[in-house]
Amino acid sequence: MSETVENAPAAATGPVRRSRDVPLLVERARAGDPRAVARLITLVESGDEVLPQVAAALAPYAGQAQVVGLTGSPGVGKSTTTNELVRALRARGHRVGVLAVDPSSPFTGGAILGDRVRMQDHATDPGVYIRSMSSRGHLGGLSAATPQAVRVLEGAGCDVVLVETVGVGQAEVEVASLADTTLVLLAPGMGDAIQAVKAGILEIADVFVVNKADRDGADATVRDIQGMIALGERGPGEWRPQVVRAVAARGEGIDDIAAAIDKHREWLERHDELRRRREARAAAEVEAIALGTLRDRIGSLRDGTQLPTLAAKVAEGAIDPYAAADELLAQLAS
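What you see as residue numbers is a count from 1 along each chain, following the sequence as written. Where local features are concerned, this predicted model is filtered to residues with pLDDT of at least 70; where side-chain atom pairs are given and counted, the filter is 80 or more; whole-chain, interface and lining totals use all residues. Hydrogens and water molecules were not included; the side-chain quantities draw on all heavy atoms of the structure.

A.B. asks: Even after reading the chapter, I still don't get the overall build of the protein, so can you show me in this structure?
C.D. replies: Numbering of helices and strands runs from the N terminus, with a helix taken as a DSSP run of H or I at least four residues long and a strand as a DSSP run of E at least two residues long. Of regular secondary structure, the protein possesses 15 helices and seven strands. Of all 334 residues assigned to the protein, the portion counted as buried reaches 45%. Here, two residues are considered to be in contact whenever any of their heavy atoms come within 4.5 Å of each other. Look at the contacts in the protein between residues 6 or more apart in sequence, and 73% of them connect residues 24 or more apart. Accessible surface, the protein as shown: approximately 16000 Å² in total, 53% of it carbon and sulfur. Summary of the burial criterion: residues with accessible area below 20% of their type's maximum are buried, those above 50% are exposed, and those between are partly exposed, where the area comes from a 1.4 Å probe applied to protein chains only. The Shrake-Rupley method, run with a 1.4 Å probe, gives the accessible areas here. Residue values count only the displayed protein chains as cover.

See the structure below:
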């Protein structure tokens, strides 16, 4: 299912590239046509008017893929680790989707595509689909379209979806709300041991990966992380984050990472946490869509007289902003 053109079925070339026939696109995506998958994700990213149809067509396939998030500071080796994880998962016979969120160009808004360049080992593998997505200024390390793109890959039959964030700091933790299992990558000598004591990054990690563990300071980084985990308050049966060493550039420690992911998946299922996380993810999606619709409606009011009239009354002191907001919401609901 690689995005590489050579792997697409001959009959699928041509019409799929510009098609907005959602049932046809979903049918071909289910059959492993990478062009159909690419087209569906493009419709999602662009916010096309057929997006509700896409979501409805993909709904029956929701929750069928294991979603693993990878996050960490720039330079810790997220893309290299993702590349090696894909190799390990393919060895197990899994179909794998990768969503690599890249920084946006300040001029075009497009993704730099650096992650996909690093994953060329899998470019001709029909069991792998790799897509770079532009963050388009969205905070949190992801793109606003990432949740729906995950649904596309689930619908396309991926067993595992790897979501790699842009390089993030301690406050950018959105991936945890999207993934079943979140990997936080650290590297010795980059200040990450200090960053780990900050609540944001510490609290989202299900598995800590100390990458580049052949460097000086790796033992100290592992000790620091383990020490902070020990200080955390946990009730009986709660998950204790795993700490794994790796040298992803040499393929070392990848099996240990995969084993930690498996262990976490077993814990999620045993404690009914997988269902809870996925329901929370769905709630966040619904809320985001509803808020987006409200913003669009409020934006349309700016072109009329309702919002400017209310704003003028607030500026004059004739009405307070809360009362104006209530009136605006009442107008939106009517």
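A.B. asks: Even after reading the chapter, I still don't get the pairing of strand β5 (residues 181-186), so can you show me in this structure?
C.D. replies: In terms of burial, β5 is largely enclosed, as six of its six residues are buried. Residues Thr181, Leu183 and Leu185 point to one face of β5 and Thr182, Val184 and Leu186 to the other, with burial holding for every one of them. With four bridges connecting them, β5 and strand β6 (residues 207-210) associate as parallel partners. Across the sheet, the residue bridging to leucine 183 is valine 207, located in β6. Each pair of strands is called paired provided DSSP finds at least two bridges between the two strands.

A.B. asks: Looking at this model, I keep getting lost on the sheet that holds strand β2 (residues 96-102). Mind explaining?
C.D. replies: Backbone hydrogen bonds hold the strands of a sheet together, and the pairing may be parallel or antiparallel. The strand order β3-β2-β4-β1-β5-β6-β7 describes an open sheet built from seven strands, whose pairing is parallel. Only two strands of the sheet have a single partner each, and these edge strands are β3 (128-134) and β7 (242-245). Along the sheet, successive strands turn relative to each other by an average axial angle of 20°, direction set aside. For every element, the axis is a line fit to its C-alpha atoms; helices are fit only across the contacting stretch, and the angle between N-to-C directions ranges from 0 to 180 degrees. Running over the sheet, helix α3 (residues 34-46) touches β2 and β3 and is turned about 20° from β3.

A.B. asks: Looking at this structure, how should I read the confidence of the model for the protein?
C.D. replies: Detail in the predicted coordinates should be disregarded across regions flagged by low pLDDT. For the protein, the average pLDDT comes to 83, and 80% of its residues sit at 70 or higher. Per-element confidence in the protein is highest for helix α12 (residues 254-270), whose mean pLDDT is 97, and lowest for helix α6 (residues 114-118), whose mean pLDDT is 53. Every residue in residues 4-13 scores below 50 in pLDDT, and together they form 20 contacts with partners more than four places removed in sequence or on other chains. The score called pLDDT rates the predictor's confidence residue by residue, from a low of 0 to a high of 100. Confidence drops under pLDDT 50 across residues 137-141; counting only partners more than four residues distant or on other chains, this segment forms 14 contacts.

A.B. asks: Can you help me understand the packing of aromatic side chains in this one?
C.D. replies: When we look at a pair of aromatic rings, we describe it by the centre distance and by the angle of the planes. Between rings of Phe, Tyr and Trp, where Trp is taken as its six-membered ring, a pair exists when centres lie within 6.5 Å; planes separated by under 30 degrees are stacked, by over 60 edge-to-face, and by other angles tilted. On inspection of all chains with the given rule, the structure shows one aromatic pair. Taking the centre distance of 5.9 Å and the plane angle of 50° together, the rings of tryptophan 239 and tryptophan 267 count as tilted. Linking tryptophan 239 in the loop between α11 (218-231) and β7 with tryptophan 267 in helix α12, this pair joins segments that are 28 residues apart in sequence. Comparing tryptophan 239 with tryptophan 267, the two get one shared label, buried. Its guanidinium or amino end placed over the ring of tyrosine 61, arginine 30 lies 3.9 Å from that ring's centre, counting from NZ or CZ. Here, over-ring charges are defined by two tests on the NZ atom of lysine or the CZ atom of arginine: distance to the ring centre within 6 Å, and angle to the ring normal within 35 degrees.

A.B. asks: I tried to follow the pattern of salt bridges on my own but got confused; where do I start?
C.D. replies: One side chain can pair with another of opposite charge once the charged atoms of both are near each other. By definition, a salt bridge exists where a carboxyl oxygen of Asp or Glu is found within 4 Å of a side-chain nitrogen of Lys or Arg. Under the definition given, this model contains 18 salt bridges. Of the charged contacts, one joins aspartate 262 and arginine 92 as a salt bridge, the two residues approaching to 2.9 Å between their closest N and O atoms. In this pair, aspartate 262 sits in helix α12 while arginine 92 sits in the loop between α5 (78-91) and β2, placing the two residues 170 residues apart along the sequence. By relative accessible area, which is 25% here, aspartate 262 ends up partly exposed. A single network of salt bridges, built from pairs that share partners, joins Asp206, Glu273, Arg276 and Arg277.

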